[in-house]
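Coordinate analysis (summary)
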Amino acid sequence: MTQNADHVLDHFELFRGPEYQQMLANKKKMFENPRDPAEVERIREWAKTPEYREKNFAREALTVNPAKACQPLGAVFAAVGFEATLPFVHGSQGCVAYYRSHLSRHFKEPSSCVSSSMTEDAAVFGGLNNMIDGLANTYSMYKPKMIAVSTTCMAEVIGDDLNAFIKTSKEKGSVPAEFDVPFAHTPAFVGSHVTGYDNALKGILEHFWDGKAGTAPKLERQPNDKVNVIGGFDGYTVGNTREIRRILNLMGIEHTILADNSEVFDTPTDGEFRMYDGGTTLEDAANAIHAKATVSMQQYCTEKTLPFIAAHGQEVVGLNHPVGVSGTDEFIMALSRITGKEIPEELSRERGRLVDAMADSSAHIHGKKFAIYGDPDLCLGLAGFLLELGAEPTHVLATNGTKQWAEKVQALFDSSPFGQNCHVYPGKDLWHMRSLLFTEPVDFLIGNTYGKYLERDTGTPLIRIGFPIFDRHHHHRYPVWGYQGGMNVLVWILDKIFDEIDKNTNVPAKTDYSFDIIR
Amino acid sequence: MSSLSATIQDVFNEPGCGKNANKSEAERKKGCTKQLQPGGAAGGCAFDGAKIALQPLTDVAHLVHGPIACEGNSWDNRGARSSGSNIWRTGFTTDINETDVVFGGEKRLYKAVKEIIEKYNPPAVFVYQTCVPAMIGDDINAVCKAASQKFGKPVIPVNSPGFVGPKNLGNKLAGEALLEHVIGTEEPDFTTPYDLNIIGEYNLSGELWQVKPLLDELGIRILSCISGDGKYREVAYSHRAKAAMMVCSKAMINVARKMEERYGIPFFEGSFYGIEDSSDSLREIARLLIERGAPDELMARTEAVIAREEAKAWAAIEPYKPRFKGKKVLLITGGVKSWSVVAALQEAGLELVGTSVKKSTKEDKERIKELMGQDAHMIDDMTPREMYKMMKDAKADIMLSGGKSQFVALKAGMPWLDINQERSHAYMGYVGMVKLVQEIDKALYNPMWQQLRQPAPWENSARNWQARAMAQMDAEAAALAADPQAAEQARRAKKICHCKTVDLGTIEDAIAAHALTTTDGVKQHTNASGGCGACAGRIEDILAALPATVASAIPVLQAAE
């Protein structure tokens, strides 16, 4: 049956029809120089062998299926966390479309961001005019309170000087002289999206604290009792930020959440489109200099920001995406130590509930092997939680992980008997992971949506935790931090484990003697 | 067809039950049902007991006649395993409504049976009576009889409505239903001298299948298992077995005993929990079969299998010894025979600091003393507070128990391993014991317990509720220690008989005043054990202990060492 207007088939069904199948088979036969299916099968099997793995790991130049994105994505993510701020990416508009779609597809929300739309002549003559026109148009069309500038590779390769360009633009009247235009150089050929987050956040803080690019006096720190919290690049920012704020309020800690994008990535449907929503106010961003301390939930997202803040006289604490009991203990005790505030009974009870849930179910997780990939901090947080549960994070891989990160993961492995046979893979990609899963199989894989190919090819069940998650909706609304967040992660892991048990026991009259309703 | 009350009376008279045999006429009449204490947190009802006893019969439709409560809350809730049909897992109920309550539910029941037979055509339909239809007077026996005649298919009434008593009574009533309507109604295609019945075994987690290969190897045929992985026809011709093994001691004793009476099938009570028990059971099976005409050489083959399996199991347990060194276990076993498991765990290098003897017989207790020494903590009824104290004093690294104690253990921060019915691992037979040791090892070394046992790092551990409870206990103990009079008072105030609320002092006084030497004597004078009779064991202990304390404690202790 071909497509027909009375009963329109979607792509799941349509191309399974005989005429399409016939057409595809013919095309393959006549135009695609088909290989002997046996040979194809032989290669497929060979790609699962240790021999292939060795060749795979000998790759020097080629990256296959990377588990990282580029700096400006992180810069945009950080920028939208400030009040009425429009991220402005100086460079080609195509890149910007990627950031917007990436964020939209994950958060199921519009993602506003503009570019200076550099073209070939801009590449030759420099992008100054694009900056001048771009800032002027952005300012007049979208009426932001702040424009946070970052760059794509194109601008970086030709060496555009953002500081000078912005100054010139202001002189030419693109935006008022006192209008806030912080900036950060964020070339994709250095680091990853977590680096871009770091650079952009540091650029914004630098702008407010260190004299707005020479146009205002530097702020003088007058210490108060507030605490700043930085979430870092985090696919769970909606749920996590709210959870962190709840914890801070429970403890009675005055705080500023820097780059708080939890509202803009979760605006209500009530008849009004909000291009901007929530976010750290510009005043708070400036006043954050006076805080007693800054806690970063993700050390590797704030490698430059934290030292910058420390240099202004604050205590800084860098955590690694804490998940689970010990990780959350560390976070909460740090808050308590810094502020002298007692940890309220409510949090003790939440802790007890998480421990209780772990005790109820740990037998199912205990001794299971996991492969994890994702951003460096996420990997550390999840691996820590798994070790706490008696699972083995056998393969831990971060394409954007550094050698120092790998050492930290190794130290984590060394701290537990369950880490003895685990390995860390910095700078590797998902094709490496594929070989790992074939040659050293594990029970479960934890990663983002892209892991579904690994799940399909290697048969390793995928637990979706990370960024981006495109093919499952709304998980970003749940926290993974705090004791309640730990509970969510525990449940996601358990759900998959039980789904697998069911899947393995559901063949009628064959395996279903164990298809039980009580697990 | 006997009435329900007559059947119940008959069950109470069960001479095969050791406890029953020791009772007076009046007590027997009262029955072994401990009247449930209003306001108490009770266990399952007789309906539940009947249902779980028969539900593992895999190829019959189990139809519950009653409102949605009975089946709606319980269908497919047992981890029995079937090697064939899965119809036992389908939840069939008449789900009666208000109109049925007013006008009677018999027609609906009849129709439901008809629909089951039309749609599923199982070899038999079991119909379970529940409280409401029993109260409104639905006669399920009559309906089943009519349906059976009409459809030419066995429709078996299981008359065990919830209100008649507790779960255990339901188990027995289920057995009565089989005896009355099923057993002996069909003939096997052939018989062998090696045909065995296993009674009271439910194949939970597929445990029976861990033992079956050994029986297969010996050429012993399980003619019928009642009811684990059982089929209707197998039960129907089970009367042709040569011998029977009675598992799970008291649940279906009436079935085993009456089959001996009616069909001359000798039985023994045995268990496949623990290595030694498994071997004893295999030996006993061989002995009974030989007695009934199987060739003598069966025993030699059985011994060979036992020797091989024991060696294999001990060898598999050996590597755990270093890991278990210094690890202490508290064992609350419920239905599992304590001492048998005790022996295996000790062999694995674990130190047992206590074990429950709630369901153990006197011989079991003796055996435990033998194994664990005179100082063994034999726990009758342990309060959560005592349990916690025991753990807190580092007397146990882990508790092995049934699901009932799970939450107490976990909330009190105690590592715990499930060894009763609802577990997902099978611990039966030689491999089962190895599996148990493996699971204990996993549980002992699970890092999660660290989190469980430690309070939140910011918590002042001197101030939390556990600490307060302990302090209170210590304070009470100290107060008693300082005041011998109060201590004596507290000792004497210990409840021995819960039904009749008789304390230790009253019993001791009665013994002293009347020079009593038997539990019956104590009962006459104090009314203790006049209720459920469960405290008879405790009274025996008191009687046994008294002269010793009167004479001199020291020589006795030395003798024990």
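What you see is a predicted model; the values in this text were computed from it and never measured.

Here we look at the overall build of chain A
Looking only at helices and strands, chain A has 21 helices and 12 strands in total. Taking 24 Å as the expected radius of gyration for a compact globule of 519 residues, we find that chain A reaches 25 Å, a close match to that expectation. Seen through its principal axes, chain A has C-alpha atoms that stretch 75 × 65 × 50 Å. Residues classed as buried in chain A amount to 54% of the 519 residues present. Sequence separation of 24 or more characterises 72% of the internal contacts of chain A that already satisfy a separation of 6 or more. When the accessible surface of chain A is split by element, carbon and sulfur atoms take 53% of a total near 22,900 Å².

Things to note about the pairing of strand β7 (residues 243–246) of chain B
Residue and element names in this part refer to chain B. Burial along β7 is two-sided: the residues Ala 243 and Met 245 and Ala 244 and Met 246 are all buried. Where strand β5 (residues 195–201) meets β7, four bridges bridge the pair, whose relative direction is parallel. For Ile 198, the partnering residue across the bridge sits in β7 and is Met 245. Strand direction decides the pairing type here: β7 and strand β8 (residues 267–269), joined by three bridges, are parallel. Across the sheet, the residue bridging to Met 245 is Phe 268, located in β8.

Examining the packing of aromatic side chains
By the definition in use, this model includes 22 aromatic pairs over all chains. Plain terms: the ring middles of Phe 77 of chain A and Tyr 197 of chain A are 6.1 Å apart, the flat faces sit at 50° to each other, and that makes the pair tilted. With a gap of 120 residues between them, Phe 77 of chain A in helix α5 (residues 71–79) and Tyr 197 of chain A in helix α11 (residues 193–209) connect regions that are remote in the sequence. In this structure Phe 77 of chain A comes out as buried when scored by relative accessible area, which is 1%. One aromatic cluster is present, built from ring pairs that chain together Phe 77, Phe 107, Tyr 197, Phe 233, Phe 265 and Phe 467 of chain A. Its guanidinium or amino end placed over the ring of Tyr 445 of chain B, Lys 327 of chain B lies 5.3 Å from that ring's centre, counting from NZ or CZ.

Things to note about the interface of chain B and chain A
The interface of chain B with chain A comprises 27 residues on the first partner and 29 residues on the second. Taking both partners together, chain B and chain A bury about 2,200 Å²; carbon and sulfur atoms supply 55% of that area. Of all residues in chain B, Met 448, Gln 451 and Trp 458 of chain B bury the most surface against chain A, accounting for 31% of the area lost on that side. Of the charged contacts, one joins Arg 81 of chain B and Asp 516 of chain A as a salt bridge, the two residues approaching to 2.6 Å between their closest N and O atoms. Our count for the chain B to chain A interface comes out at 12 residue pairs in polar contact (both at pLDDT 80 or more). Put simply, the parts of the chain that give the side of chain B that touches chain A at least two residues each are α20 (403–411) and α22 (448–453) of chain B. Counted by class, the side of chain B that touches chain A contains 14 nonpolar, seven polar and six charged residues.

What to know about unusual backbone geometry
For the bond running from Phe 467 of chain A to Pro 468 of chain A, omega is -5°, close enough to zero to count as cis. One can find Pro 468 of chain A in the loop between β12 (462–464) and α21 (482–503). Ile 226 of chain B connects to Ser 227 of chain B through a cis peptide bond whose omega is 10°. Counting through the fold element by element, Ser 227 of chain B comes out in strand β6 (residues 221–227). Within the chain, Ala 213 of chain A stands out as a residue other than glycine whose phi angle is a positive 55°.

Some details on the sheet that holds strand β2 (residues 114–115) of chain A
Pairing within the open sheet is parallel, and its three strands lie in the order β2-β1-β3 (chain A). The outermost strands of the open sheet, each flanked by one partner alone, are β2 and β3 (146–151) of chain A.

Comments concerning a nonpolar patch on the surface
Residues and elements named next belong to chain B. A cluster of nonpolar side chains, namely Val 101, Val 102, Phe 103, Met 135, Ile 136 and Phe 163, defines an oily patch on the protein surface of about 650 Å² accessible area. Examining the composition of the nonpolar patch, we find that three residues originate from one element, helix α6 (residues 98–103), more than from any other. Mapped onto the elements, Phe 103 comes out in helix α6.

Some details on the environment of Ile 136 of chain B
Residue and element names in this part refer to chain B. Within the secondary structure, Ile 136 is located in helix α8 (residues 131–136). With a relative accessible area of 31%, Ile 136 lands in the partly exposed category. Other than its neighbours up to four places away in sequence, Ile 136 contacts Asp 100, Val 101, Gly 104 and Gly 105.

Observations regarding the confidence of the model for chain B
All names here are of chain B. Of all residues in chain B, 79% have pLDDT values of 70 or greater, and the mean over the chain is 82. Across residues 548–561, where pLDDT falls below 50, the model places two contacts with residues more than four positions away in sequence or in other chains. If you check the scores for this complex, the pTM reads 0.85 and the ipTM reads 0.74.

Focus: the sheet that holds strand β2 (residues 92–93) of chain B
Residue and element names in this part refer to chain B. The sheet built from four strands is open, its strands ordered β2-β1-β3-β4 with parallel pairing. A strand with exactly one partner marks an edge of an open sheet, and here the two such strands are β2 and β4 (155–158). Bridge count for strand β1 (residues 61–65) against β2 is two bridges, and the pairing is parallel. When the sheet's bridge partners are listed, Val 64 is paired in β2 with Thr 93. Across the face of the sheet, helix α7 (residues 106–120) comes into contact with β1, β2, β3 (125–129) and β4 while running at roughly 160° to β1.

Reading the values: the criteria
- Residues numbered from 1 in each chain as written.
- Chains lettered and ligands numbered in written order.
- Predicted model: local features only at pLDDT ≥ 70, side-chain atom pairs only at ≥ 80, totals over all residues.
- Heavy atoms only, no water.
- Helix = DSSP H or I, 4+ residues; strand = E, 2+ residues; numbered from the N terminus.
- Rg over C-alpha atoms; globule rule 2.2 N^0.38 Å.
- Buried < 20%, exposed > 50% of the residue type's maximum accessible area, 1.4 Å probe, protein only.
- Contact = heavy atoms within 4.5 Å.
- Areas by Shrake-Rupley, 256 points an atom, 1.4 Å probe, with all protein chains shown as cover.
- Pairing = 2+ DSSP bridges.
- Phe/Tyr/Trp six-rings, centres within 6.5 Å; stacked < 30°, edge-to-face > 60°.
- Lys NZ or Arg CZ within 6 Å of the ring centre and 35° of its normal.
- Buried area = accessible area lost by both parts, 1.4 Å probe.
- Salt bridge = Lys/Arg side-chain N within 4 Å of Asp/Glu carboxyl O.
- Polar contact = N/O pair within 3.5 Å; in protein donor to acceptor, adjacent residues only side chain to side chain.
- Nonpolar A, V, L, I, M, F, W, Y, C, P; charged D, E, K, R; others polar.
- Patch = residues over 30% accessible without salt bridge, like charges linked within 9 Å, V, L, I, M, F, W, Y side chains within 5 Å.
- pLDDT = per-residue confidence, 0-100.
- Axes fitted to C-alpha atoms, helices over the stretch in contact; angles between N-to-C directions.

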